[in-house]
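Summary of structural features
The lines below spell out each chain.
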Amino acid sequence: MGLKDFFAKIIKPSLGYKPQKTDNSPGKIHLQQFKKHRLGMIGFFILAFFFFCSLFADLLSPYSMTWTDKKKSFHPPSEVHLFYTDEKNHTFLRPFCYEMKIVNVAYKRYSIIPEHSLRVVSLEKHPKIDELRIIAVDENPEERKQNIISKLVQYYKLVASHSETKSIQEKLDNLVNNPQRDIVQKHILHFDGPDEKELTKEILLIKGNKNFLGFFNQGIPYHFLGLFVSNIHFFGSTSGGYYPLGGDQLGRDVLSRLLHGSRISLSVGLIGILISFTIGLLIGGISGYFGGFVDIILMRVCEIILSFPSLILLYALRASFPPNLNSIEVYFLIIVIMSLINWAALARIIRGMVLSLKNEEYVLNARVMGLSHFRIITRHILRNIFSFIIVQATISIPGYIIGESSLSLLGLGINDPQSSWGLMLSVGRNTRYIKDFPWLLIPGVLIFLTIMAWNFLGDGLRDTLDPHGKKRPLK
Amino acid sequence: MKRRRQNLIYYFSFVLDLSAFMCLMMLKWSWLPAILVVQFFCWLIRLYWLNKSLQAFILVRLLHMIPIMLAVVAIGFMLIQLAPGDVLDQLRLNPDISPKTLKEFEESFGLNQPWFVQFVKYITNAIKGDFGYSQSMKAPVFEIVSQRAGNTLLLALASMVLAWGFSIPAGIVSATHQYKWQDQVISFLSFTGLAIPNFFLAFLLIYLITQTGLWLPIGGMQSPHFSSMSLPEKILDTAAHLAVPAFVLATASMAQLTRLMRANMIEIMGRQYIITARAKGLPNHLIINKHALKNAINPMITIFGVQLGELLSGAALTEQILSWPGLGKLVLSATLSQDLYLVAGSLVYTVALIVMGNLIADILLAITDPRVRIAL
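**Focus on the overall build of chain A**
Counting its regular elements, chain A contains 16 helices and 10 strands. A compact globule built from 475 residues would reach a C-alpha radius of gyration of about 23 Å, whereas chain A, at 30 Å, exceeds it by more than 25%. With the principal axes as the frame, chain A shows a C-alpha extent of 95 × 75 × 45 Å. The buried share of chain A, taken over its 475 residues, is 49%. Considering only intrachain contacts with a sequence separation of at least 6, the fraction spanning at least 24 residues in chain A is 67%. Just so you have it, chain A exposes about 23800 Å², and 61% of that area is on carbon and sulfur atoms.

This is the structure we're talking about:
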């Protein structure tokens, strides 16, 4: 008796382990086979990661989808520095990125602001209200202070002799006189709102040119999955200026928009196949099962739809609806139009398979038993080609993703301020932007990866669920 | 002997068809209707020389086209009806159009009558080649569409040539070197080509071209000084403009065809007649090129028709992004300006092109593979 057997037969039972039963259910076997399919697993994990990110988009994004800093259009991706060296030459782990300021407005070139600068910053939740982001870079410390105070007074219409202004001035004095190089200080600002009501706002007084980054910072508030309000963000800076994947033309954060846009771009395919497969299965099933006149009519309809070039039909159908719909309406409109185009190809394939199955003995038995036609189609015939249907569904999802993103790209789909990957890419229609700001092509990379992952997953599923799929009749 | 003479006449008919086309061009016909008319009559003449089963096949396919085209026109009409507002509203706002033309337009399409009368009028007008008047382009729809269709066809044909020219050798190489590095590279490329969306590839190419300083025009079809060029220069210029859009459009079908060719070739290489050829001592290149290749290409002819549809559909987006003045760009600008007669007209036109493509593919298949004719 070897050591392994000894453990398995004597030690484990004595500790209360029971030998596992070998489970040979088809599901288990398919799962085992799928786990061996390397590309399929890669596709699965990529998609799982993407879906996870899109579910927790609010938490994972550094800002919100609509957060805008108008002065920072086409901000380049921030370089994250992990180790911070303070004025006493101690180096320790404290990630930060430099605050950048636009130096060439025509070509949107940025450079790091000088080390001695002073800033007043707060993140604004509403995209319509301008961000508070005052930077003073003057050589003289007194000028810097005066600069900030005067701009702040303009910004919130403060009274120069007001106690509020004085307290800020004191704090700025402290900051400048402090020997420390980089300081971030909070201040609660009281000011009069548009209707003479007193409002408060938390602003940050910052010395130095660094934005410190951290996990689970407080930032712009959001509704987490519509359940509760939170303002915790997984990674980012409280003082803004951190663009992990760059900024877009309006000064919005690309990463935040990517994460929020993934909700639309990833879900379009799932909802789309749900609709088109319901139609395709029913019509294909009815057409194959009943045959005759019904079959001829339905198949002619399919042929007509198939003879249209799908993208052009998509545009044309979109044209017959009013152009100024809101984002949610457009989203569902796109899905419905795409499903109404795509069911035809599926219905033809299903019909062929049903034709080959309908004279099988178990179907005849079901008929003899007196089951209704609907029940036979749904429970006996379609159930039998279920694995094939799953594979087809997986393979046809990329079509929806491309359809949605190309419509949004051309300005017929999702509109601002909503975000989708195609919409984000539409900036690229200006050749100059592609040349100078290549990070705007990142949504394209994600679309590519998603489609690749669905293809891999589809291949994997086909090899495990439907290994003889290629030999089945396709017409 | 008789068979040979038949073949000779058959091939001669293509020369005849070309010369008839040239004659019509000299009579100042625009080239697209010229091609359509000439081809129609030439195929009628050719039908006499083909054998009976092929004749029947082609006739049946032609009959099949009629209901499909009718339905397509119906859908085009439905689009116009579905849209909010009256079609004439926008025309009325236009001061360039006199009330008299407006009245004529209203009468020719029966816009003041119930929808079924309008439908009949739309169909009868469509058969005559009158798809209405485009208010955004200020010209009859059919004229605009047939001008643009030439550009799209040029693009589609170029990418088709590119796709077939790449995928057949690539498919052969990856089938004959199965699981070696050549196969791995080609498989990787075709996976990438399948997954990469056209618009993203276009953007990537633009980025690469602008970064490397490679001289290749992006966007448009002709250089600004096109009209002052000599003929060879014009051809070169158009070819250079064609390169990027044709490549972008071709990738997807390239990938698909390569995978298909590889699968076909692998299947054929395992057949017994290949083993026989090997046993006979034929050199490898002869086995591949003479025995395997012909049989492997045959099933791909069916793809040809489907592919034309895919290319024309994909062209819509590529044209828009790379500003190639074709049908797709036309449909989109018509969509954006809610010019519904233009949308419907170009949709019908595109479908007509696709249906013709499918017909040609079917006929080619029937010519090369006699089994199809019997199956009908």
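Let's pick the thread back up.
**Structural notes on the pattern of salt bridges**
Pairs can form between side chains of opposite charge whenever their charged atoms are close. Residues and elements named next belong to chain A. All chains considered together, the criterion is met by 20 salt bridges over all chains. We note a salt bridge from E99 to R119, for which the minimum N-O separation is 2.9 Å. Here E99, found in the loop between β2 (91-98) and β3 (100-104), pairs with R119, found in strand β5 (residues 118-122); they are 20 residues apart in sequence, far enough to count as distant. With respect to class, E99 is no different from R119; both count as buried. If you follow the salt bridges from partner to partner, you end up with D69, K72, E99, R119 and R133 in one network.

**Quick look at the domain arrangement of chain A**
Residues and elements named next belong to chain A. Splitting chain A by domain gives domain 1 (67-244) and domain 2 (259-465). Facing the 9 residues of domain 1 at the interface are 8 residues of domain 2. Counting each side, the surface lost to burial between domain 1 and domain 2 is near 570 Å², with a carbon and sulfur contribution of 70%. Taken together, domain 1 and domain 2 are joined by 0 residue pairs in polar contact (both at pLDDT 80 or more). When the residues that make up the side of domain 1 that touches domain 2 are grouped by side-chain class, the tally is 6 nonpolar, 1 polar and 2 charged.

**Quick look at the environment of Q182(B)**
Residues and elements named next belong to chain B. Inspection of the secondary structure assignment puts Q182 in helix α8 (residues 181-195). According to the relative accessible area criterion, Q182 is buried, its value standing at 18%. With 12 residues separating them along the chain, Q182 and A170 place their C-alpha atoms 9.0 Å apart. Leaving out residues up to four positions away in the same chain, Q182 has contacts with V173 and H177.

**Quick word on the sheet that holds β2(A)**
All names here are of chain A. What the 4 strands build is an open sheet, ordered β1-β2-β9-β10; its pairing is antiparallel. With one partner strand each, in any of the chains shown, β1 (81-85) and β10 (228-237) form the two edges of the open sheet. This sheet shows a mean twist of 50 degrees between the axes of neighbouring strands, independent of strand direction. Across 4 bridges, the pairing between β1 and β2 is antiparallel. Bridging across to β2, Y84 finds its partner in F92.

**Some words on helix α10 (residues 327-357) of chain A**
The end-to-end C-alpha separation of α10(A) is 44 Å, in line with the 45 Å expected for 31 residues at 1.5 Å each. Measuring from the side-chain oxygen of the N-cap residue of α10(A) to the backbone nitrogen of I328(A) gives 3.2 Å; that N-cap residue is N326(A).

**Quick word on the nonpolar core**
Core analysis: the largest hydrophobic core is formed by 170 residues, its most contacted members being Y315(A), I350(A) and M265(B). The element best represented in this core is helix α15 (residues 340-368) of chain B, accounting for 15 residues. Excluding anything up to four places from it in sequence, I350(A) contacts L281(A), G284(A), G285(A), L382(A), I385(A), F388(A) and I389(A). Counting residues in hydrophobic clusters, the runner-up holds 20 residues, among them L158(A), I168(A), I203(A) and L205(A).

**So, the packing of aromatic side chains**
Tallying each qualifying case throughout the model produces 26 aromatic pairs over all chains. Ring centres of Y331(A) and F332(A) lie 5.1 Å apart, and the angle between their planes is 75 degrees; this geometry places the pair in the edge-to-face category. For Y331(A), a relative accessible area of 11% gives the class buried. Owing to a relative accessible area of 43%, F332(A) belongs among the partly exposed residues under this scheme. Judged by centre distance (5.8 Å) and plane angle (55 degrees), the rings of F142(B) and Y349(B) are tilted. Of the two residues, F142(B) sits in helix α7 (residues 141-176) while Y349(B) sits in helix α15, which places them 207 residues apart along the sequence. Aromatic rings pair up to connect Y84(A), F92(A), F96(A), Y98(A) and F212(A) into one cluster. Residue placement shows R94(A) over the ring face of F212(A); its charged tip is 3.7 Å from the ring centre. Residue placement shows K210(A) over the ring face of F96(A); its charged tip is 5.6 Å from the ring centre.

Thresholds applied
- Numbering of residues starts from 1 in every chain and runs along the sequence as written.
- Chain letters and ligand numbers both follow the written order, the letters beginning at A and the numbers at 1.
- Totals for whole chains, interfaces and linings use all residues, but because this is a predicted model, local features are given only for residues with pLDDT of at least 70 and pairs of side-chain atoms are given and counted only at 80 or more.
- Side-chain calculation: all heavy atoms of the structure are included, whereas hydrogens and water are not.
- Under the DSSP-based scheme used, a helix requires at least four consecutive residues in state H or I and a strand at least two consecutive residues in state E, with every element numbered from the N terminus.
- The globule rule used here is 2.2 Å times the number of residues to the 0.38 power, and the radius of gyration it is set against is calculated over C-alpha atoms.
- For the exposure calls, accessible area comes from a 1.4 Å probe over protein chains only, and a residue counts as buried if that area is under 20% of its type's maximum, exposed if over 50%, partly exposed in between.
- Only heavy atoms enter the contact rule, under which two residues are in contact if any of them lie within 4.5 Å.
- Every accessible area reported is derived by Shrake-Rupley at a probe size of 1.4 Å, with residue values counting cover from the shown protein chains alone.
- For salt bridges, the criterion is a side-chain nitrogen of Lys or Arg within 4 Å of an Asp or Glu carboxyl oxygen.
- Boundaries of every domain are those given by an automatic assignment or by a domain database.
- Computed with a 1.4 Å rolling probe, the buried area is the accessible surface lost when two parts are put together, summed over both parts.
- Two N or O atoms form a polar contact when they lie within 3.5 Å of each other; inside protein one atom must be a possible hydrogen donor and the other a possible acceptor, and for residues adjacent in sequence the pair counts only when both atoms belong to side chains.
- By the convention adopted, Pro, Cys, Tyr, Trp, Phe, Met, Ile, Leu, Val and Ala count as nonpolar, Lys, Arg, Asp and Glu as charged, and the other residues, Gly among them, as polar.
- Whether two strands pair depends on DSSP finding at least two bridges between them.
- Note on geometry: axes are C-alpha line fits, over the in-contact stretch for helices, and angles between N-to-C directions span 0 to 180 degrees.
- What a helix is expected to span follows from its residue count: subtract one and scale by 1.5 Å.
- The set of buried Ala, Val, Leu, Ile, Met, Phe, Trp, Tyr and Cys residues whose side-chain atoms join them within 4.5 Å is what this entry labels a nonpolar core.
- Any two rings among Phe, Tyr and Trp, with Trp reduced to its six-membered ring, count as a pair given centres within 6.5 Å; such a pair is stacked if its planes are under 30 degrees apart, edge-to-face if over 60, and tilted if neither.
- Charge-over-ring contacts are defined here by two conditions on Lys NZ or Arg CZ: a distance within 6 Å of the ring centre and an angle within 35 degrees of the ring normal.

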